[in-house]
Amino acid sequence: MADRVTVIGWDGSPLTAAARSALSAATLVAGAAHHLALPEIPPGAERIRLGSLGLAARRIAGHRGTAVVLADGDPGFFGVVRTLRAPEHGLEVEVVPAVSAVAAAFARAGMPWDDAQVVVAHRRTLRRAVNVCRAHPKVAVLTAPGAGPAELALLLDGVHRTFVICEELGTDRERVTVLTSDKAADHSWRDPNVVIVIGGGGQVSATAEAPWLFGHGPGLTTGRGWARPRTGPGAPAAEGESAQLRAAQLARLGPRPGDLVWDIGTGSGALAVDAAALGAAVIAVDADPRACEGVTAAARKRGVQIQVVPGRAPHVLENLPEPDVVRVGGGGAPVVAAVADRRPERIVSHASTRDEAEAIGRTLTEHGYAVECALLQSVGLDTRTWTEQERSVVFLLAAERPVSR
């Protein structure tokens, strides 16, 4: 095992005295090509060009001597420190940090970032990173080849955002470009780069109260809880809109950050708004233009972002991006079949009759889903007189795609 392992962050500025001291004593140095060209590296040191971090960590663990790993930015922030400290390698490391690429990018943009989400995009996680950009007004994306600004823009099709693209930060080739997301795919971008994605509602102004929790805006004032009952004037909730059914559907769906939720036949948009408040990206679909307007207003009031798509399912679903979980609020078995063809992880729906519930359940089973069905009955009481105020009886269907082995 290496006698000593030092991880040095590099942001383009001159190395600190601690970094130079560690490098001067190194018998093995690992890093990218531009790191290995630094003049401070001893001529006799073994050099490893970082490709697979796991392979490099094994080489370092087997080295007899003093090892140094060079990494861009802060190596403890989505960096190499996690891999080196993994139990299978058994390495204890000293870290000499530098300014992270995310901090540098926001500095170039002149923006605070304590209210920003930070995600890593590579080929396997690109879609989930895009969903975070759909759901939040300020996101920093640490990109990778094949998962850069152009790919982000293409997957955000239909969602307007502003991109601040910071290329090769800290080098002589540094470049910062601001443009709308629909233009990003028309350019070639140099690696490495960081993309700040800005847009939608809920942005924090420069004079707003400071946030107290990283990645969230100040206050978190949209109210506690989800599946809250309807309040104020108006008719009782329509079928499929009761708070109790909505709570059960949300529990079965389990929306979370990185997910894309389809809410088909969204109606009032109450479930769509709740799913967005839980951190998921949401596309709400309804054939009624007035319902679409109401969902947009409800999202604005709750301080969340929802893409509203007017149109009738199943035809309107053809061009939508792939969902993770779906709630079918209308359209019955034909719409459920169209959704199941897209293979989301979970699907929930409801039915007012047993025959309709059986038809939906059979459709889901034929598509290979594991299905459960329950009859939910709830009665609302006026607590002033303890008399019945509202009754709801509905079948809840929840389906889960079996895990591939």
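Presented here is an overview of the structure given in this document. (Residues numbered from 1 in each chain as written. Predicted model: local features only at pLDDT ≥ 70, side-chain atom pairs only at ≥ 80, totals over all residues. Heavy atoms only, no water.)

1. Thoughts on helix H10 (residues 270-277)
Alright, step 1. Across the eight residues that make up H10, a large majority, seven, are buried.
Alright, step 2. Taken residue by residue, H10 has Ala270, Leu271, Ala272, Val273, Asp274, Ala275 and Ala276 as its buried positions.
Alright, step 3. Summarising the contacts, the buried residues of H10 are in contact with helix H9 (243-253), strand S11 (260-264), strand S12 (281-286), helix H11 (289-302) and strand S14 (325-328).
Alright, step 4. In the segment just after H10, glycine 279 is the residue with positive phi, at about 105 degrees. (Buried < 20%, exposed > 50% of the residue type's maximum accessible area, 1.4 Å probe, protein only. Helix = DSSP H or I, 4+ residues; strand = E, 2+ residues; numbered from the N terminus. Contact = heavy atoms within 4.5 Å.)

2. A look at the pairing of strand S13 (residues 307-310)
Alright, step 1. Two elements, S12 and S13, share four bridges in a ladder whose sense is parallel. Each bridged residue has a counterpart across the sheet, and for valine 285 the counterpart in S13 is valine 309.
Alright, step 2. Tracing the backbone out of S12, into H11 and back to the parallel element S13 gives a crossover that is right-handed. (Pairing = 2+ DSSP bridges. Right-handed = clockwise from strand over helix to strand, strands pointing away.)

3. A look at the nonpolar core
Alright, step 1. If you look at the biggest cluster of nonpolar residues, it comprises 28 residues, and the most contacted ones within it are Trp262, Ile264, Leu317, Val328 and Val339.
Alright, step 2. Elements with a contribution of two residues or more to this core: S11, S12, S14, helix H12 (332-340), strand S15 (346-351), helix H13 (354-366) and strand S17 (387-400).
Alright, step 3. Per-element tally for this core: the top contributor is H12, with five residues.
Alright, step 4. With near-sequence residues (within four places) excluded, leucine 317 lies in contact with Trp262, Ile264, Val285, Val339 and Arg342.
Alright, step 5. Val139, Ala147, Leu152 and Ile165 belong to the second largest nonpolar core, which has 21 residues in total. (Core = buried A, V, L, I, M, F, W, Y, C linked by side-chain atoms within 4.5 Å.)

4. Things to note about the layout of surface pockets
Empty pockets left among the atoms are what a rolling probe the size of a water molecule brings to light.
Alright, step 1. Looking at the largest pocket, its volume works out to about 1600 Å³.
Alright, step 2. Going through the elements one at a time, helix H2 (33-36), strand S4 (66-72), helix H4 (80-84), helix H5 (101-109), strand S8 (162-167) and strand S10 (193-198) are the ones with two or more residues in the lining of the largest pocket.
Alright, step 3. Here the residues of the lining of the largest pocket sort into 21 nonpolar, 15 polar and 10 charged. (1 Å grid on protein atoms, 1.4 Å probe; cavity = no way out; pocket = protein on both sides within 12 Å on 5 of 7 lines; lining within 4 Å. Points joined across faces, edges and corners; volume = space filled by probe spheres on them. Nonpolar A, V, L, I, M, F, W, Y, C, P; charged D, E, K, R; others polar.)

5. Observations concerning the sheet that holds strand S3 (residues 46-49)
Hydrogen bonds between backbone atoms are what pair the strands of a sheet, whose relative direction is either parallel or antiparallel.
Alright, step 1. Spatial ordering of the open sheet is given by S3-S2-S4-S1-S5, a layout of five strands whose pairing is parallel. Each having just a single partner strand, S3 and strand S5 (93-96) make up the two edges of the open sheet. Strand-to-strand twist across the sheet, computed as the mean angle between neighbouring axes with direction ignored, equals 20 degrees.
Alright, step 2. Where strand S2 (residues 28-31) lies against S3, four bridges are found, and the strand directions are parallel. Residue pairing in the sheet places valine 29 in a bridge with arginine 47 of S3.
Alright, step 3. Against the sheet, helix H1 (residues 17-24) touches strand S1 (4-10), S2, S4 and S5, its axis set at about 135 degrees to S1. (Axes fitted to C-alpha atoms, helices over the stretch in contact; angles between N-to-C directions.)

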